Structures are given as C-alpha cells and as structure tokens.
Amino acid sequence: MSICHFRLWSSLVLLSLVLWSDTITSDAAIGSSYLRKIHEVNKMGPYLGIVVPNMFEMDPLLHSDRFVPDSRTPSLDIMGRRFRVGKVGHQKVIIVMTGLSMLNAGITTELLLTLFEVEGVVHYGIAGNANPELQIGDVTIPRYWAHSGLWSWQRYGSGPNDTLAQEPDDDSFTREIGYLRFANYSTTSSPESDNFLNSVWYQREEIFPVDGSPEVRQRIFKVPVDSRYMEVAKSIERDGVALARCVSWTACLPKAPILATVEMGVSGSVFVDNKAYGEFLNSEFNATAVDMESAAVALVCYQQKVPFIAIRALSDLAGAGGSSARSDEADALVHLAAANAVRVLIKFIAALASW
C-alpha cells in the first residue's frame, strides 16, 4: 500500500470512529453520508489538488471554459471549506479556497490531503514582488519556499556572535539562516546605533514527515518544489505563455508580462507593504514572490510526501512604489495579475499531462 493510499485509508478509519450524525455538525464531526460522498469522489481519482487563497483569485479559473464541474458531485462543503470537483482540460481536479494567512492555508491543505485521493498540489494566486528585475503582471514559479515569519527575537545588548536564548540547550534555534537588525533601518543620523528591538533571527520550521518517527522533529527552512513539476514549469517558460498586458485601454502594463522561474519565494502571516523590508528579503534570501500562504502549503505537502508547486503572479511592489496608477487602475491590475496566474496554471496542467 502506497503512502498516499495508507494516509487516506487511515484518515477515513479515524473519522469513522467519531461519527454520530449524517451531517457535518458544529463539533466538526463528519457524518457517514459525507464519508460516503468522499468515498465516491475518491473512486474517480486520483486528483490534482488546486489550492488558492481568495475568491477573486479563484473566479478566473471557475469561469474559464477549461474548467468543467463534476456532474454528480460538483462540490463538497466540509469544515468551512468548499472542495470543488471537476476537470481542467482532461485533468481531474479538486479546487479549494484557503482564505488568508499561513494558518488557513496549512489547515486547508491538510484537509485536502487527508480526505481526498490527491496525487499532487498546485497552489496559485498573486504576490508582492521583491525583485527589481520583474514587474507587476509577471508570473513567477519559485524553486523554493520559506516561512519568513518564524523568528528568534534577540534580547537587547546581544550581538551577532552571542548565542540566542535556548540555543546552547538543543538545535531549536539557529544563527545559520540570517537576521534582520532593526538599528540598520534607523532614520537617525547614526544608523548603526543600537536599538531596543535589536535583531530577529530567521528560523527553520519543525516538521513531522509521514515516513519519519512520530514526535521526532525535523527542521527545514527552504522547502523545494517537486523536481518534476519544476521541469514542467521550465518547459512552459521556454515555450512562453500568452499573458494579458491590459485590462482595458485605461489600465495597461508598461510592457508585456512574462513567466519566470525564480529561486525563492517567502511567506508569512503579514502583508508586506514596506520597501526596505522587501529589499532586505531580496538581498538576504534572493526572494522574488512575497505572500501569506505558499510556504504553508509547501510545508504540509513536503511532510505528506505529495508533489507541490506554486504559481504566483506579481500584483504589487511590496512597498517599493514605482507606479503612478490611480486606485481603480491598481485594482484592475490586481485582477489582471490573478487572471495571468490562471493562464499559467492552465498551461502547466496541460503540460503536466503530457510530461
């Protein structure tokens, strides 16, 4: 029995032990009727899971002529999430919206992989851009994703060579990844002066892979996307994808957008609208896409041994400015970016089927 089949079987057994009604109830129990529906959906699998943060990012896919809902079970509503079943082209898919932030993205991805027969996950949406070589409307596919919001905050007076709290006791905290020193961003005449906020040191996530020993922690900072999926992404980058440049005659990008495979994307439960921090993420981690969900999806898939890739269209400059667009134009360009992400998604799915 494969890891994927074992995960599904064991999860359904566990869920069946807590049944007491035929519906999804307020105490989060899943009823037998829903388990039967899930079982019927899984009989038609496996599926490619498509995970998307928000409705405005999902709408271009749902309204695309490439997406066809399943005629028998177009969707299942489970624990506040709607899992949409259908096909994109010839590929069977289950589409689910996570909502904002790392927590929502992680929970939703875990539900998807636990309940359904999923052979891989494609995450897509919009993101901030920390890379000065790219523009709004470009679509990026990073090779790695990292959670940039897990820190060890250093006490006042300690320097880069001083150990962090608890660092001598075990390997929970590290100084290997890098740090942000707040005093370097002072507006005073002496930017190197000390600062009560001192420094934050970036940390690795604790993970518990399905093929590891229970309760034995492993740690990772840069989560790689699936190597096969990345080769598919590079192939469509070479071939090119027709991306929209204009929403209307009133809102156009200065040049035609492109698809670019890049080195790094970072995620954290914070909306980055700060030029200095965006530049720091680019210089310290070679980050391009900056968002609030992708690393959470990547971490769950990595632990579950499920292939993963993320497609993120750049919709703003992470606080760097550089646009004189009116607010209505800026809103239009956000929707253009979301539509471009879907164009790349559809192209990727078609290429994956023949790879």
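So, how was this worked out
Residues numbered from 1 in each chain as written. Predicted model: local features only at pLDDT ≥ 70, side-chain atom pairs only at ≥ 80, totals over all residues. Heavy atoms only, no water. Pairing = 2+ DSSP bridges. Helix = DSSP H or I, 4+ residues; strand = E, 2+ residues; numbered from the N terminus. Axes fitted to C-alpha atoms, helices over the stretch in contact; angles between N-to-C directions. Contact = heavy atoms within 4.5 Å. Left-handed = near helix turned anticlockwise from the far one by under 90°. Phe/Tyr/Trp six-rings, centres within 6.5 Å; stacked < 30°, edge-to-face > 60°. Buried < 20%, exposed > 50% of the residue type's maximum accessible area, 1.4 Å probe, protein only. Lys NZ or Arg CZ within 6 Å of the ring centre and 35° of its normal. Disulfide = S-S within 2.5 Å. Polar contact = N/O pair within 3.5 Å; in protein donor to acceptor, adjacent residues only side chain to side chain. Patch = residues over 30% accessible without salt bridge, like charges linked within 9 Å, V, L, I, M, F, W, Y side chains within 5 Å. Areas by Shrake-Rupley, 256 points an atom, 1.4 Å probe, with all protein chains shown as cover. Salt bridge = Lys/Arg side-chain N within 4 Å of Asp/Glu carboxyl O.

### Regarding the sheet that holds strand S10 (residues 199–202)
An order of S8-S10-S9 is seen for the three strands of this open sheet, with the pairing classed as antiparallel. Unpaired on one side and paired on the other, strand S8 (151–153) and strand S9 (179–181) mark the two borders of the sheet. Each strand axis lies, on average, 20° off the axis of its neighbour in the sheet, ignoring direction. With three bridges connecting them, S9 and S10 associate as antiparallel partners. Across the sheet, Arg-181 pairs through a bridge with Ser-199, a residue of S10. Sitting on the sheet, helix H6 (residues 275–285) is in contact with S8, S9 and S10, with an inclination near 140° to S9.

### Points about the packing of helix H4 (residues 102–115) against helix H7 (residues 294–304)
The interhelical angle for the contact between H4 and H7, taken along N-to-C directions, is 35°, at an axis separation of 8 Å. Considering the relative orientation of H4 and H7, their crossing is right-handed. On H7, the residues that touch Met-102, Ala-105, Gly-106, Thr-109, Glu-110 and Leu-113 of H4 are Ala-295, Ala-296, Val-297, Val-300, Cys-301 and Gln-304.

### Let's talk about the packing of aromatic side chains
A full pass over the atoms with the stated rule returns twelve aromatic pairs. For the ring pair Trp-153 and Phe-182, a centre distance of 5.6 Å and an interplane angle of 15° mean the geometry is stacked. Linking Trp-153 in strand S8 with Phe-182 in the loop between S9 and S10, this pair joins segments that are 29 residues apart in sequence. On the numbers, 5.5 Å between centres and 50° between planes, the contact of Phe-221 with Phe-285 is tilted. Highlighted residues: Phe-221 in the loop between strand S12 (218–220) and strand S13 (223–224) and Phe-285 in helix H6, separated in sequence by 64 residues. Accessibility expressed as a relative area gives 12% for Phe-221, which makes it buried. Lying over the aromatic face of Tyr-34, Lys-37 brings its terminal NZ or CZ to 4.9 Å of the ring centre. Taking NZ or CZ as reference, Lys-222 lies 4.3 Å from the ring centre of Tyr-144, over its face.

### Re the state of the cysteines
Think of a disulfide as a covalent bridge from one cysteine sulfur atom to another cysteine sulfur atom. Using the criterion set out here, one finds one disulfide in the structure. Covalently, Cys-246 is tied to Cys-252 through a disulfide, its sulfur atoms 1.8 Å apart. The S-S bond linking Cys-246 to Cys-252 shows a torsion near 115°; that makes this disulfide right-handed.

### Quick word on H7
In terms of burial, H7 is largely enclosed, as ten of its eleven residues are buried. Count one or two residues on from H7 and you reach Lys-305, which has phi positive near 60°.

### Re the side chain of Asp-291
Along the chain, Asp-291 turns up in strand S17 (residues 287–291). Side-chain polar atoms of Asp-291 contact the side chain of Ser-267, separated by 2.5 Å. A polar atom in the side chain of Asp-291 sits 2.5 Å from the side chain of Ser-294. Not counting residues up to four positions away in its chain, the partners in contact with Asp-291 are Ile-126, Ala-127, Trp-145, Val-266, Ser-267, Gly-268 and Arg-312.

### Quick look at the pairing of strand S1 (residues 47–52)
Within S1, six of the six residues are buried, leaving the element largely enclosed by the surrounding structure. Burial of the side chains of S1 extends over both faces: Tyr-47, Gly-49 and Val-51 are buried on one face and Leu-48, Ile-50 and Val-52 on the other. Two strands pair when backbone bridges link them, and S1 and strand S6 (residues 118–129) are joined in this way by five bridges, in the parallel orientation. When the bridges of S6 are listed, Leu-48 appears paired with Gly-120.

### As for unusual backbone geometry
The linkage connecting Gly-45 with the following residue, Pro-46, adopts the cis geometry, with an omega of 5°. Along the chain, the position of Pro-46 falls in the loop between helix H2 (32–43) and S1. Even without glycine at this site, Asn-286 takes up a positive phi of about 60°. Among the structural elements, Asn-286 can be located in the loop between H6 and S17. One non-glycine residue, Lys-305, adopts positive backbone phi at about 60°. Relative to the helices and strands, Lys-305 is located in the loop between H7 and strand S18 (308–316). For Lys-305, a relative accessible area of 42% corresponds to the partly exposed category.

### Examining a nonpolar patch on the surface
On the surface, a cluster of nonpolar side chains totalling about 310 Å² of accessible area is made up of Trp-151, Trp-153 and Leu-197. When you line up the elements, Leu-197 lands in the loop between S9 and S10.

Keep in mind these numbers describe shape, not what the thing actually does.
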